[in-house]
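# Structural features, examined
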Amino acid sequence: MKINKLHTFASVISVLAIMYMYIDFLGQDNVRVMYNDIFFSDFPGWVGQLDNYRYSAAAFAYVLFKTGIPYYDMIYVWVILFGLSLAWASYEFARFCRFPASTVPFFIFIVAANGYMSDMYLFSMVFNIYALAYSAVALCLRVCRKMPNTIGYLIATILAFIALTSYQPTALILLFASALYAIHMGITSNNRMSLREAFIPVIAFIISVLVFISIKEAFPLQTGRDASFHNIIGNLPHYIRFIPTMLLKGMSPYTTRYEVLVYTFAIICMSGMLLWHFAKHRNILTILGVVALICGILIIASPFSLFPSGFWPSPRQMSGSVFFLAGSVVLVSAYLPKRVISITPYLAVAFITILITHQAKFFAVMKGQDERDALAVAMIINEIRATGDISPSTKLAVSSTIHNDIRSGNRLSAFDTTWSNMEIFRILTGDFIKGTDSAPEGTCLTPPESYWRIEKTNDMIVVCMK
């Protein structure tokens, strides 16, 4: 399969360009790691990864922690690695699924510009972890394609485990690759496509999950997030209802209705093509393709969202599903009638324009939240300075919740969480070197009448919000 190198290069550059937009976004999580806090505080980043059962990510972050290299001093390196790894994973996914060469650059681009991926880009604090996860996925799919033997099974399993324990949703890409491979095989009855090869990513995923569960049960974490099989029963009805929501509405503001309907229409067309071949041939290949289609749709809402104590699917959890959605579009476009194929480049440009336009709008909203946070900090600082001097010994505490009035839209403000609402002052002003994670007892007993209220207790200034 010969790939157009120029088009592929342009796609990779586009991926990097999209990610570069989000580097400076603050938000509630990134502020915690600005100014090296993640490396030199009592709660370094590797501990946070461990608490989320991301063992490979924790090991990677621990090594970085020991070097003492400030994370954000290397942010451009992490952006490049993340962008290249995502493009590489998309490339290997397309090659594994046997997509036509002409569609590979298009596939890389629509994966990167997908609305669900934009939620991942907001977390620049873990771009290196994302790079690790997608690199493991890319290598795993390459091994599955190049080494369909016992050694390949072993290497693929190790790589699947690294992906699973770096960022869990990325491991689902392996299942989606197998599903689209089987669907493609069922549609074309291509004898050059191997049943054994189709199952390697699935086997690697299953074994890696079993190893992961064994480690989790053998070494339970004291402070890790609640994640248990007991939660599945309560979350399952919400999960089932969420699948059609994804296919018909998406998740605003991360996705647009047009974008979602294109993916859904592609899945419907792909289903029709497969069922037509199933009715005509009804062999093992078409049967496997139908089963793979059903499984692909059932896991599109990310099964990992079933294990927490409450069902709360986030767009970044759907990042693995992006490959199935984009892959459906590419697979259908490759087998359209000849009369329609002549206009597919124009349709592709139109779809790309929708994705780019939405990314730009979404980015503007996110930066707008940063500006609201910065404006609030400036106004609060001015109010505090009007009551007295601020020195490096001044202590600050901020009491706020998700209901604060600084927040706008769906993206959370840096004022929404205890781990970031004080750090935003430190980042934007540098004045408050000392702070506490929560307001002292006896302060902020009643909500403020306006956006905030300033209180003083002993040597501490307290900002009270809703």
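As a starting point, this report considers the structure included with it.

## Regarding the overall build of the chain
Scanning the chain for helices and strands turns up 19 helices and 4 strands. For 466 residues, the compact-globule formula gives about 23 Å, and the C-alpha radius of gyration of the chain, at 24 Å, lands near that figure. Dimensions of the chain, computed from C-alpha atoms along their principal axes, come out at roughly 80 × 50 × 45 Å. Split into buried and exposed, the 466 residues of the chain put 54% on the buried side. Within the chain, counting contacts between residues at least 6 apart in sequence, those at least 24 apart form 78% of the total. With the model as given, the accessible surface of the chain reaches about 21000 Å², and the carbon-plus-sulfur share is 65%. Distance from the positive charge centre (34 side chains) to the negative charge centre (26 side chains) of the chain: 19 Å.

## Thoughts on helix α7 (residues 104-112)
With 9 of 9 residues buried, α7 is to be regarded as a mostly interior element. Residues of α7 that are buried include every one of V104, P105, F106, F107, I108, F109, I110, V111 and A112, and no others.

## Regarding helix α5 (residues 55-67)
Since the α-helix turns once every 3.6 residues, residues separated by three or four places project in the same direction. Helix length check: α5 (13 residues) gives 19 Å between terminal C-alpha atoms against 18 Å at 1.5 Å per residue, within 8%. Regarding α5, the residues found buried are Y55, S56, A57, A58, A61, L64 and F65. Residue G68 follows α5 closely and has a positive phi angle near 75°.

## Describing the nonpolar core
Judged by nonpolar contacts, the single largest core of 123 residues is most densely connected at L86, F93, Y134 and I183. In this view, L86 contacts V15, M19, V111, A112, M117, Y121, Y134 and F323; residues no more than four positions away in its chain are not counted.

## Regarding the environment of K466
Considering the arrangement of structural elements, one finds K466 in the segment after β4 (460-464). Along the sequence, K466 and S450 sit 16 residues apart, while their C-alpha atoms lie 9.1 Å from each other. Excluding its chain neighbours within four sequence positions, the residues that come into contact with K466 are S400, T401, H403, N404, D405, P448 and S450.

## As for the pattern of salt bridges
Here the structure, examined in full by the defined rule, presents 8 salt bridges. Its salt-bridge partner being R316, residue D119 comes within 2.9 Å of it at the nearest N-O pair. Here D119 is found in helix α8 (residues 115-121), whereas its partner R316 is found in the loop between α15 (284-298) and α16 (321-334), with 197 residues between them in sequence. By sharing partners, the salt bridges in this structure join E92, R142 and R145 into a single network.

## Section: unusual backbone geometry
Cis geometry marks the peptide bond from S252 to P253, where omega comes out at 5°. Of note, P253 is situated in the loop between α13 (232-248) and α14 (257-280). A positive phi angle, close to 65°, is found at R98, a residue other than glycine. For R98, the location among the structural elements is in the loop between α6 (75-96) and α7. Residue R98 is classed as partly exposed on the basis of its relative accessible area of 28%. Of note in the backbone geometry, C444 takes a positive phi value of approximately 55° without being a glycine. The residue C444 is located in the loop between β2 (434-435) and β3 (453-457) in this model.

Conventions we followed
- Residues numbered from 1 in each chain as written.
- Predicted model: local features only at pLDDT ≥ 70, side-chain atom pairs only at ≥ 80, totals over all residues.
- Heavy atoms only, no water.
- Helix = DSSP H or I, 4+ residues; strand = E, 2+ residues; numbered from the N terminus.
- Rg over C-alpha atoms; globule rule 2.2 N^0.38 Å.
- Buried < 20%, exposed > 50% of the residue type's maximum accessible area, 1.4 Å probe, protein only.
- Contact = heavy atoms within 4.5 Å.
- Areas by Shrake-Rupley, 256 points an atom, 1.4 Å probe, with all protein chains shown as cover.
- Lys, Arg positive; Asp, Glu negative; His and termini not counted.
- Charge placed at Lys NZ, Arg CZ, Asp CG, Glu CD.
- Expected span 1.5 Å × (residues − 1).
- Core = buried A, V, L, I, M, F, W, Y, C linked by side-chain atoms within 4.5 Å.
- Salt bridge = Lys/Arg side-chain N within 4 Å of Asp/Glu carboxyl O.

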